[in-house]
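If you want the building blocks of each chain, they are given just below.
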Amino acid sequence: MQRHLSAIALAAAILMLAVAAPANAQTLTPCAASQASAVNCFVGNAVATKILTVPSSMNMTSYDNYAVAVLHIAQDTNVSVILLGTTSAIADAMPAKDANGAANATAQTNAINSIINSEVLTGILVLPAQTTEAQLETFAQQTVINMTGFTGVSFSPGAVLRLIDSYIVAGTSTSGTINWTTVKASLTAAVKNLVGSGMLKLPSGVTEAKFTTFVEDVAQSIAAYKSATGKKSL
């Protein structure tokens, strides 16, 4: 079985190596030339000593690039916090299982990718330097997998996704048809009320209209996930 260091652990290890420059750095010029070089040296040595295994979907070059992207994601407070909220909510409310309990990783992966894509398109997430959307999605996928094994006390981080789903359920007919006009109107009103009451504070650059678009995109992602897994609600 291939052994993979979790995305979070990898980020932590990279950050520690990046800030802990050796006293004799002059003798390690290739590795100490930049943070990216330090990351590449760490990954190369980790793979060589079998601490890390290159995923089957990547070659060594793409894995090096991904490791550098993880560094930039971890260093960006806004991105890392938003990703933490997104991934914890998905891990809680949208597990990789069908309604009958059968595994369905594809449904969860598609939900992750579509929600991350909407966050990028609406400006909620701004890609860090040297990071692609695909790398951001891979990081989110790995983080959700890591969080899925959590068995401690949880305050239902998926509550927001379930709240959005409640509008979908309310707008769904007995035959299972979703009235998206009704759902979108309800979501628009909900966002407006949250912003107006001060319960939802939007960062500069993200308008109420953009955030409403994001919420509607999430609703579409939830509906697609429920369709793929056969679930009536989250």
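In this text the structure is predicted, and so the values were computed from the model without any measurement.

(A) Structural detail: the overall build of the protein chain. When its secondary structure is counted, the protein chain shows 10 helices and zero strands. The order of α-helices and β-strands along the protein chain, N terminus first, is α-α-α-α-α-α-α-α-α-α. Expressed as a percentage of its 234 residues, the buried residues of the protein chain come to 35%. In the protein chain, 69% of the contacts between residues at least 6 apart in sequence involve partners at least 24 apart. About 12,500 Å² of surface is accessible on the protein chain, with carbon and sulfur atoms providing 61% of the total.

(B) Molecular detail of the nonpolar core. Ranked by size, the top nonpolar core spans 48 residues in total, and within it L83, M94, I116, L136 and L161 carry the most contacts. For I116, the residues in contact, after removing those within four places along its chain, are L83, T86, L125, L136, E137 and A140.

(C) Structural view of the side chain of N104. Here N104 lies in the loop between α5 (77-93) and α6 (105-121). Classification of N104 by relative accessible area gives buried; the value is 14%. Apart from residues no more than four positions distant in its own chain, N104 is found in contact with A96, K97, D98, A228 and T229.

(D) Layout of the state of the cysteines. The full count for this structure, using the stated rule, is one disulfide. Linked covalently through their sulfurs, C31 and C41 form a disulfide whose S-S length is 2.0 Å. The chirality of the disulfide connecting C31 with C41 is left-handed, given an S-S dihedral of about -95 degrees. Taken together, the residues C31 in helix α2 (residues 29-32) and C41 in helix α3 (residues 35-48) connect sequence positions 10 residues apart. Of the residues examined, C31 reaches a relative accessible area of 27% and is grouped as partly exposed.

(E) Fine view of the pattern of salt bridges. According to the stated counting rule, one finds three salt bridges in the structure shown. One salt bridge in this structure joins R162 and D92, with 3.0 Å as the shortest N-O distance. Of the two residues, R162 sits in helix α8 (residues 159-170) while D92 sits in helix α5, which places them 70 residues apart along the sequence. Residue classification places D92 among the partly exposed residues on the basis of a relative accessible area of 26%. Between K192 and E208 there is a salt bridge, with the nearest N and O atoms lying 3.2 Å from each other. A residue pair is termed long-range when its members are at least 10 positions apart, and K192 in helix α9 (residues 180-197) and E208 in helix α10 (residues 208-229) qualify at 16 residues.

(F) Spotlight on the layout of surface pockets. Approximately 720 Å³ is the volume found for the largest pocket. Listing elements by their share of the lining of the largest pocket, those giving two or more residues are α5, α6, α8, α9 and α10. Residue composition of the lining of the largest pocket, grouped by class: 23 nonpolar, two polar and two charged.

(G) Representation of α3 within the structure. In this model α3 runs 20 Å from its N-terminal to its C-terminal C-alpha over 14 residues, within 8% of the 20 Å that 1.5 Å per residue would give. All buried positions along α3 are accounted for by S37, V39, F42, V43 and A46. Of the residues one or two after α3, K50 is the one with positive phi, at around 65 degrees.

(H) Structural view of the environment of V68. Structurally, the position occupied by V68 is in helix α4 (residues 60-75). Taking relative accessible area as the criterion, V68 reaches 6% and is therefore assigned buried. Sequence-distant contacts of V68, defined by excluding residues within four places in its chain, comprise A36, V39, N40 and Q130.

(I) Molecular detail of the environment of S114. With respect to the helices and strands, the residue S114 is situated in helix α6. Owing to a relative accessible area of 28%, S114 belongs among the partly exposed residues under this scheme. S114 sits 106 residues away from Q220 along the chain, and the two C-alpha atoms are 9.0 Å apart.

(J) Examining the packing of α3 against α4 more closely. Across the interface, α3 lies against α4 with an axial gap of 9 Å and an inter-helix angle of 125 degrees. Here α3 is positioned oblique relative to α4, judged by the angle of their axes. The crossing of α3 and α4 is right-handed. Contacts between α3 and α4 pair Q35, A36, V39, N40, V43, G44 and V47 from the former with M60, Y63, D64, A67, V68, L71 and Q75 from the latter.

What counts and what doesn't
- Residues numbered from 1 in each chain as written.
- Predicted model: local features only at pLDDT ≥ 70, side-chain atom pairs only at ≥ 80, totals over all residues.
- Heavy atoms only, no water.
- Helix = DSSP H or I, 4+ residues; strand = E, 2+ residues; numbered from the N terminus.
- Buried < 20%, exposed > 50% of the residue type's maximum accessible area, 1.4 Å probe, protein only.
- Contact = heavy atoms within 4.5 Å.
- Areas by Shrake-Rupley, 256 points an atom, 1.4 Å probe, with all protein chains shown as cover.
- Core = buried A, V, L, I, M, F, W, Y, C linked by side-chain atoms within 4.5 Å.
- Disulfide = S-S within 2.5 Å.
- Salt bridge = Lys/Arg side-chain N within 4 Å of Asp/Glu carboxyl O.
- 1 Å grid on protein atoms, 1.4 Å probe; cavity = no way out; pocket = protein on both sides within 12 Å on 5 of 7 lines; lining within 4 Å.
- Points joined across faces, edges and corners; volume = space filled by probe spheres on them.
- Nonpolar A, V, L, I, M, F, W, Y, C, P; charged D, E, K, R; others polar.
- Expected span 1.5 Å × (residues − 1).
- Axes fitted to C-alpha atoms, helices over the stretch in contact; angles between N-to-C directions.
- Parallel < 35°, antiparallel > 145°, perpendicular 65-115°, else oblique.
- Left-handed = near helix turned anticlockwise from the far one by under 90°.

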